[in-house]
Amino acid sequence: MAHSDPIKVGVLYSETGVTSSIETSQRYGTLFAIDQINEAGGIDGREIVPVLYDPRSEPARYAALAEKLITSDKVKVIFGCYMSSTRKAVLPVVERWNRLLFYSTLYEGFECSDHLIYTGAAPNQNSVQLAEFMTSTFGPRVYLIGSNYIYPYESNRIMADLVSQCPGGAKVGEQYVPLDATEKDFKEVLEDIRNVQPDFIFSTVVGDATQSFYRAYANAGFDPSTMPIGSLTTSEVELAQMGGDVAAGHYTSAPYFQSIPREANRACLAKFREKFGDAIAPNACWEAAFFQVHLFAQAMAASGSDDIDALMPYLLGSAFEAPQGMIRIEASNHHAYLYPRIGRANSDGQFTIVRETRESVYPDPYLVTHALGDSALQMTPVET
Ligand code: ACM
């Protein structure tokens with residue numbers, strides 16, 4: 001039966017706490033897509049209405065608010081979460097209520113829920129490429145530094161495995177700091193780094209602590225041209241926080257950077273800035289947050305319902321012309337085909353893209369088939 005009731009969706013991105021800056025970017029990516037869809041007439045004439053709560057970067061609050069969205073607000077679909085600890089907190093809630101979570105953050109892989117669509121990069125779409133680039137450019141000895149929760153432990157383990165596939169490759173140190181670490185918390189780590197002299201550092205530090213780490217690195221007098229930091233979680237958002245001079249020369253692997261010279265990207269960024277101004281820094285998590293709302297709208301327009309069982313057949317295999325390129329959801333594992341890229345931070349707070357893939361890369365969250373040197377993952381150098 002056709003009707004004009006609004007479609008309520010849940011939006012769970014933190015407005016306060018350690019990951020509020022990056023989640024603000026994700027929240028605005030979500031709201032931007034919702035505005036676009038509503039301005040074009042909604043989904044079959046029905047307006048999308050976001051119901052937003054602030055989970056304050058605390059996993060237990062994500063779970064409680066997901067439950068509230070489902071039981072009080074009656075939403076069937078939730079967009080949200082940055083830290084893997086928060087996704088892991090919401091997962092049993094959506095599974096128990098047979099609801100759907102769209103997750104727009106790169107993560108450690110080794111998960112595949114029927115109640116999730118994963119639109120951020122899996123390790124074969126960012127870690128493998130970063131390992132290959134950093135080991136071949138700077139050398140195979142890596143120092144691992146992370147925030148104290150599941151994603152950094154797991155992502156560091158993957159990086160250690162990957163570098164150990166190189167001749168002479170080794171993990172030469174591994175340290176964890178609290179999520180709210182400040183510059184002084186990195187003092188001992190940097191002294192250790194000075195002693196063991198790695199070829200590069202892999203940082204899985206997330207959120208506000210990222211700027212503290214990069215500042216502490218700069219203040220310790222290290223040189224990114226000889227021993228840079230490589231990361232998957234240092235994006236344009238964190239660059240804006242630390243400043244271009246501190247960031248310049250360090251590397252990030254991600255499927256999206258603001259600097260992608262595609263017309264679709266330029267047009268999308270221009271429209272976003274027209275609507276929301278310059279205060280929000282779009283990044284890979286923003287882009288995934290944006291395109292996953294469009295994937296939902298396409299599937300709902302086709303199925304006529306926001307029930308997970310009605311949506312899923314239309315979501316699996318669906319595609320969208322995203323700012324990074326044409327993305328698609330792989331039906332067998334609910335993750336997205338994406339375009340790995342390597343960016344070098346520059347002093348303007350942007351990334352200069354130095355490697356990219358011409359074809360989208362199949363998501364392999366369990367790293368079943370992908371090893372360092374896999375020809376399917378080779379990137380092309382970009383003239384800079
Ligand atoms: C993350 O926790 N998935 C960055």
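Here is a short report on the structure shown in this document. (Residues numbered from 1 in each chain as written. Predicted model: local features only at pLDDT ≥ 70, side-chain atom pairs only at ≥ 80, totals over all residues. Heavy atoms only, no water.)

1. Here we look at the packing of aromatic side chains
What counts, and what does not: Between rings of Phe, Tyr and Trp, where Trp is taken as its six-membered ring, a pair exists when centres lie within 6.5 Å; planes separated by under 30 degrees are stacked, by over 60 edge-to-face, and by other angles tilted. Categorising residues by exposure relies on relative accessible area from a 1.4 Å probe, with only protein chains included: less than 20% of the type maximum marks a residue as buried, more than 50% marks it as exposed, and the intermediate range marks it as partly exposed. Only lysine NZ and arginine CZ atoms are considered, and such an atom sits over a ring when it is within 6 Å of the ring centre and within 35 degrees of the ring normal.
The full count for this structure, using the stated rule, is 24 aromatic pairs. Geometrically, the ring pair formed by Tyr103 and Tyr107 is edge-to-face, given 6.1 Å between the ring centres and 80 degrees between the ring planes. For the residue pair Tyr103 and Tyr107, the accessibility class agrees, reading buried in each case. Members of the aromatic cluster, connected to one another through ring pairs, are Tyr28, Phe32, Tyr256, Phe272, Phe276, Trp286 and Phe290. Lying across the ring of Tyr337, Arg328 places its NZ or CZ 4.1 Å from the centre.

2. A closer look at the packing of helix 1 (residues 20-39) against helix 11 (residues 284-303)
Geometry of a packed helix pair, given as the angle between the helix axes and the separation of the axes. Defined as follows: Inter-axis angles, ranging from 0 to 180 degrees, are taken between N-to-C directions of lines fitted to C-alpha atoms, where helices are fitted over the stretch in contact. Here a helix means four or more residues in a row that DSSP labels H or I, a strand means two or more in a row labelled E, and each is numbered from the N terminus. Handedness of a crossing is defined here by the sense of rotation of the near helix relative to the far one, left-handed for an anticlockwise turn of less than a right angle and right-handed for a clockwise turn. Any pair of residues with heavy atoms lying within 4.5 Å of one another is described as a contacting pair. Nonpolar residues are Ala, Val, Leu, Ile, Met, Phe, Trp, Tyr, Cys and Pro. Charged residues are Asp, Glu, Lys and Arg, and all others, Gly as well, are polar.
Interaxial distance between helix 1 and helix 11 falls to 7 Å at its minimum, and their mutual angle equals 30 degrees. Seen along the crossing, helix 1 lies across helix 11 with a hand that is right-handed. On helix 11, the residues that touch Ile22, Ser25, Gln26, Tyr28, Gly29, Thr30, Phe32, Ala33, Ile34, Gln36 and Ile37 of helix 1 are Cys285, Trp286, Ala289, Phe290, Val293, His294 and Ala297. Looking at the contact of helix 1 with helix 11 residue by residue, the classes come out as 12 nonpolar, six polar and no charged.

3. Let's talk about the pattern of salt bridges
A side chain with one charge may pair with a side chain of the opposite charge, provided their charged atoms come close. Applied cut-off: Each salt bridge in this description consists of a side-chain nitrogen of Lys or Arg and a carboxyl oxygen of Asp or Glu lying within 4 Å of one another.
Under the criterion given, the structure shown has 17 salt bridges. Glu356 serves as the salt-bridge partner of Arg341, at 3.9 Å between the closest nitrogen and oxygen. Of this pair, Arg341 sits in strand 14 (residues 341-345) while Glu356 sits in strand 15 (residues 351-356), and the two are 15 residues apart along the sequence. In terms of burial, Arg341 and Glu356 fall into one category: buried. Here Arg358 makes a salt bridge to Glu356, at a shortest N to O gap of 3.0 Å. Each of Arg87, Lys88, Glu108 and Glu111 takes part in one network of salt bridges that share partners.

4. What about the sheet that holds strand 11 (residues 319-322)?
Consider a sheet: its strands pair through backbone hydrogen bonds, and that pairing is either parallel or antiparallel. Basically, it comes down to this: Think of it this way: DSSP has to see at least two bridges between two strands before they count as a pair.
Spatially, the three strands line up as an open sheet ordered 11-12-13, and their pairing is antiparallel. Each having just a single partner strand, strand 11 and strand 13 (336-337) make up the two edges of the open sheet. Against the sheet, helix 11 contacts strand 11 and strand 12 (325-329), and its axis sits at roughly 140 degrees relative to strand 11.

5. Considerations on the sheet that holds strand 14
One open sheet holds the eight strands; their spatial order is 7-6-8-9-10-14-15-16, and the pairing between them is mixed. The open sheet has two edge strands, strand 7 (170-177) and strand 16 (380-381), and neither has a second partner. Bridging between strand 6 (residues 141-147) and strand 7 involves seven bridges; their strand directions are parallel. Bridge assignment links Arg141 to a residue of strand 7, and that residue is Ala170. Along the sheet face, helix 6 (residues 187-196) touches strand 6, strand 7 and strand 8 (200-204) and points at about 175 degrees away from the line of strand 6.

6. A few points about unusual backbone geometry
One non-glycine residue, Asp44, lies in the positive phi region at around 50 degrees. Note on Asp44: relative accessible area 62%, which makes it exposed. At Lys74, a position not held by glycine, the phi torsion is positive, near 65 degrees. Along the chain, Lys74 falls in the loop between helix 2 (59-71) and strand 3 (77-80).

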